[in-house]
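Spelled out from the first residue to the last, the chains are:
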Amino acid sequence: MGFMTNAKYKLKGLLATFFAMLVLDASAQQPVTIWKTTAEPLAEMARIRKLINAPIFPAKDFLITKYGAKGDGKTLNTEAFKKAIADCAKNGGGRVVVPLGNFLTGAIHLKSNVNLHLADNAKIIFSANPKHYPIVFGRWEGMELMNYSAFIYAYGQKNIAITGKGILDGNATYKDWYAWNVGKPSKQVKARDVLHDLNHKQTNPKTRVFGEGDFLRPNFIQLYSCNSILIADVKMVNSPMWNVNPVLCENVTIENLRIIAHGSNTDGVNPESCKNVLIRNCYFDTGDDCIAIKSGRDQDGRRIGRPAENHIIENCEMKDGHGGVVIGSEISGGARNIFAINCIMDSPNLDRILRLKTSSSRGGIIENVFMKDIKVGAYRDAAVTCNMFYEKPGNFMPVIRNIWVENIDVEKGGDYAIFVNAYKESPVENLRMINCNIRGVKTPMKIDHVKNFKLENVTINGKLMTK
């Protein structure tokens with residue numbers, strides 16, 4: 001990767017600068033609390049942890065086989081799931097239990113107080129037929145629309161869960177879902193461009209109707225505007241697109257997941273505009289970002305104006321992916337108070353350790369990011385990346401500030417240890433790295449515009465760095 005200094009983009013970016021500064025979020029001009037010691041972000045993380053509590057469910061089970069489900073891998077069980085969930089919700093909640101077997105289904109829509117629970121080694125296999133996924137309201141790459149339901153979907157519900165040591169198989173292959181985003185141009189390009197235009201024009205999202213013939217792939221799990229969520233213990237494979245995508249949710253616990261998918265855009269966990277999120281003890285081996293924290297794309301992100309806020313990531317393992325912990329690029333609503341600690345990352349196909357990606361079409365403020373105690377075997381591109389030139393420029397200057405990285409130990413680095421590509425008019429502010437040891441990189445640092453950049457006991461390729 002080099003500086004994204006394509007002449008056309010740079011010229012547009014420079015011409016946009018004057019206007020961008022006029023529309024810079026007013027909060028970017030406000031004073032920010034700058035962490036001075038490690039104890040401060042650790043105390044803030046402890047405070048946030050107390051705000052996150054997993055839901056509790058009544059001790060009642062609703063077995064899907066009692067509603068006609070058959071685990072033969074051939075019978076379509078969509079109606080059985082629907083009936084079991086409705087009955088569970090009607091009777092005060094509990095567990096909708098999937099026993100041992102292979103249960104084929106279309107979309108599953110969760111309701112309040114329902115825990116979709118998979119018995120050990122039980123498998124839910126999702127149909128590859130788009131007709132089995134009704135059109136619902138959701139987000140697609142940070143833009144609101146009407147499109148195919150996520151495989152597991154909920155809207156406006158509370159106290160919901162997906163649990164158990166079973167398997168969720170998205171069943172996606174290059175013969176079906178993945179084929180929608182293959183080739184130049186791919187099948188999805190036309191509809192994607194239309195959606196971008198509707199977003200730019202700020203049309204009513206419920207009139208942005210997509211579906212058959214538009215080839216916008218559904219996400220695996222999308223929980224929209226829900227409160228008090230638990231997703232735990234399941235293995236997820238072969239997602240058609242993003243795996244776990246809570247949107248505008250609060251009080252979210254995601255733990256002990258094992259996510260494996262290598263199609264295009266198969267991100268692991270993508271919380272969008274969520275508040276109070278705990279992601280822990282998860283394993284990621286993905287075709288895109290392992291964890292990507294988002295808050296909406298361009299006009300939709302600014303219109304809704306909900307930042308990603310108060311996220312704790314801990315004890316996770318990342319293998320393949322474009323980035324381990326990522327913020328962006330759909331980050332127009334901003335992000336703050338993001339903590340990542342005690343993680344392991346190791347793959348020649350893992351591009352970056354901490355990746356902040358945005359642009360002047362996104363805008364938004366990314367602030368108060370704390371990463372500590374990360375053990376890295378290998379990565380390919382950069383350990384720490386702050387990039388303000390991701391995708392095309394616009395009139396909304398991004399802000400990145402107060403980034404603290406401590407105790408990163410890398411055995412075999414890639415192209416860079418630290419990579420910063422920022423606007424002169426909006427430099428990355430208060431980037432601090434402490435007690436880091438990064439070996440085997442080609443170029444230690446490639447940095448343009450930073451303010452208050454501090455290195456404390458940082459060794460790159462065996463050399464103690466000053467700046």
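Residues numbered from 1 in each chain as written. Predicted model: local features only at pLDDT ≥ 70, side-chain atom pairs only at ≥ 80, totals over all residues. Heavy atoms only, no water.

Focus on the overall build of the protein
The number of helices and strands found in the protein is five helices and 35 strands. For 467 residues, the compact-globule formula gives about 23 Å, and the C-alpha radius of gyration of the protein, at 22 Å, lands near that figure. By its C-alpha atoms, the protein is 65 × 45 × 40 Å across when sized along the principal axes. Looking at the protein residue by residue over its 467 residues, the buried ones come to 59%. In the protein, once contacts between residues fewer than 6 apart in sequence are set aside, the share between residues at least 24 apart is 76%. Distance between charge centroids for the protein: 2 Å, based on 60 positive and 45 negative side chains. (Helix = DSSP H or I, 4+ residues; strand = E, 2+ residues; numbered from the N terminus. Rg over C-alpha atoms; globule rule 2.2 N^0.38 Å. Buried < 20%, exposed > 50% of the residue type's maximum accessible area, 1.4 Å probe, protein only. Contact = heavy atoms within 4.5 Å. Lys, Arg positive; Asp, Glu negative; His and termini not counted. Charge placed at Lys NZ, Arg CZ, Asp CG, Glu CD.)

Some details on the sheet that holds strand β10 (residues 152–155)
Spatial ordering of the open sheet is given by β5-β10-β13-β16, a layout of four strands whose pairing is parallel. Looking at strand neighbours, the two that pair on one side only are β5 (108–109) and β16 (244–247), the edges of this open sheet. Sheet topology places β5 next to β10; two bridges connect them, and they run parallel. The partner of His109 across the bridge, within β10, is Tyr153. (Pairing = 2+ DSSP bridges.)

Remarks on the side chain of Ser112
Here Ser112 is to be found in the loop between β5 and β6 (114–118). Aside from chain neighbours lying at most four places away, what touches Ser112 is Ala89, Gln157, Lys158, Asn159 and Ile160.

Focus on helix α3 (residues 78–90)
Taking 1.5 Å per residue as the helical rise, α3 with its 13 residues ought to reach 18 Å, and the 18 Å between its terminal C-alpha atoms agrees with that figure. Looking at α3, one finds that the buried residues are Ala80, Phe81, Ala84, Ile85 and Cys88. Looking down the long axis of α3, one finds its buried residues gathered within 125 degrees of arc, a one-sided arrangement. Of the residues in α3, the exposed ones pointing more than 90 degrees away from the buried face are Lys82 and Lys90. Where α3 is buried, its residues touch β1 (61–63), β3 (94–98), β4 (102–105), β5, β6 and β7 (123–126). Two residues or fewer past α3, Gly92 is found with a positive phi of approximately 95 degrees. (Expected span 1.5 Å × (residues − 1). Arc of directions from axis to C-beta.)

Overview of the sheet that holds strand β30 (residues 416–421)
Spatially, β21-β24-β26-β28-β30-β32 is the arrangement adopted by the six strands of the open sheet, whose pairing is parallel. Where the open sheet ends on each side, the last strands, each with one partner, are β21 (291–293) and β32 (443–447). Sheet twist, expressed as the average angle between the axes of neighbouring strands with direction ignored, equals 5 degrees. Bridge count for β21 against strand β24 (residues 325–327) is three bridges, and the pairing is parallel. Pairing of Ile293 across the sheet is with Ile327, part of β24. (Axes fitted to C-alpha atoms, helices over the stretch in contact; angles between N-to-C directions.)

Structural notes on the environment of Gly414
Topologically, Gly414 is positioned in the loop between β29 (399–412) and β30. With relative accessibility at 6%, the residue Gly414 sits in the buried group. Between the C-alpha atom of Gly414 and that of Ile438, which follows or precedes it by 24 residues, the distance is 9.7 Å. Each residue touching Gly414, except ones within four places of it in the same chain, is listed here: Tyr379, Arg380, Asp381, Gly440, Val441 and Lys442.

Describing the pairing of strand β26 (residues 352–357)
In terms of burial, β26 is largely enclosed, as six of its six residues are buried. Both β24 and β26 contribute to a ladder of three bridges, which runs parallel. The residue of β26 that forms the bridge with Val326 is Arg355.

As for the pairing of β30
Two faces, one strand: in a regular strand the side chains alternate between the faces of the sheet. Summarising burial for β30: six of the six residues are buried, a large majority. Where strand β28 (residues 382–387) lies against β30, five bridges are found, and the strand directions are parallel. What sits directly across from Ala382, in β30, is Tyr416. As defined by bridge partners, β30 adjoins β32 across four bridges and the pair is classed as parallel. Counted as the bridge partner of Val420 is Ile447 from β32.

Description of the packing of aromatic side chains
Geometrically, a pair of aromatic rings is defined through the distance of the ring centres and the angle of the planes. One pass over the full model with this rule turns up 19 aromatic pairs. Ring geometry for Phe151 versus Trp177: centroids 5.8 Å apart, planes at 55 degrees, classification tilted. One end of the pair, Phe151, is in the loop between β9 (143–148) and β10; the other, Trp177, is in the loop between β12 (167–169) and α4 (189–201), and 26 residues separate them in sequence. Taken as a pair, Phe151 and Trp177 share a single burial class, namely buried. Taken together, Phe126, Tyr133, Tyr148, Phe151, Trp177, Trp180, Phe215 and Phe220 form an aromatic cluster joined through their ring pairs. (Phe/Tyr/Trp six-rings, centres within 6.5 Å; stacked < 30°, edge-to-face > 60°.)

Description of unusual backbone geometry
A cis amide bond links Lys184 with the next residue in sequence, Pro185, at an omega value of 0 degrees. Mapped onto the elements, Pro185 comes out in the loop between β12 and α4. Residue Ser329 follows Gly328 across a cis peptide bond; omega there is -5 degrees. Relative to the assigned elements, Ser329 resides in the loop between β24 and β25 (335–345). Positive phi, normally seen in glycine, also occurs at Asn113, with a value near 70 degrees. Its place among the elements puts Asn113 in the loop between β5 and β6.

Description of the nonpolar core
Generally speaking, soluble globular proteins have nonpolar side chains that are buried together. Leu168, Ile221, Ile279, Phe284, Met345 and Ile353 are the most contacted members of the largest nonpolar core, which has 105 residues in total. With near-sequence residues (within four places) excluded, Ile279 lies in contact with Ile254, Val269, Pro271, Phe284, Ile291, Ile312, Ile313, Glu314 and Cys316. Core analysis: the next-biggest nonpolar cluster, separate from the first, contains eleven residues, Trp35, Met45, Ile52 and Ile434 among them. (Core = buried A, V, L, I, M, F, W, Y, C linked by side-chain atoms within 4.5 Å.)

Here's the deal with the state of the cysteines
Taken as a whole and judged by the stated rule, the model has zero disulfides. Cys88 takes part in no disulfide bond, and the closest cysteine sulfur, belonging to Cys226, lies 15 Å away. On the basis of relative accessible area, Cys88 is assigned to the buried category, the value being 0%. Sulfur of Cys274: no disulfide; nearest cysteine sulfur belongs to Cys249 and is 4.7 Å away. (Disulfide = S-S within 2.5 Å.)

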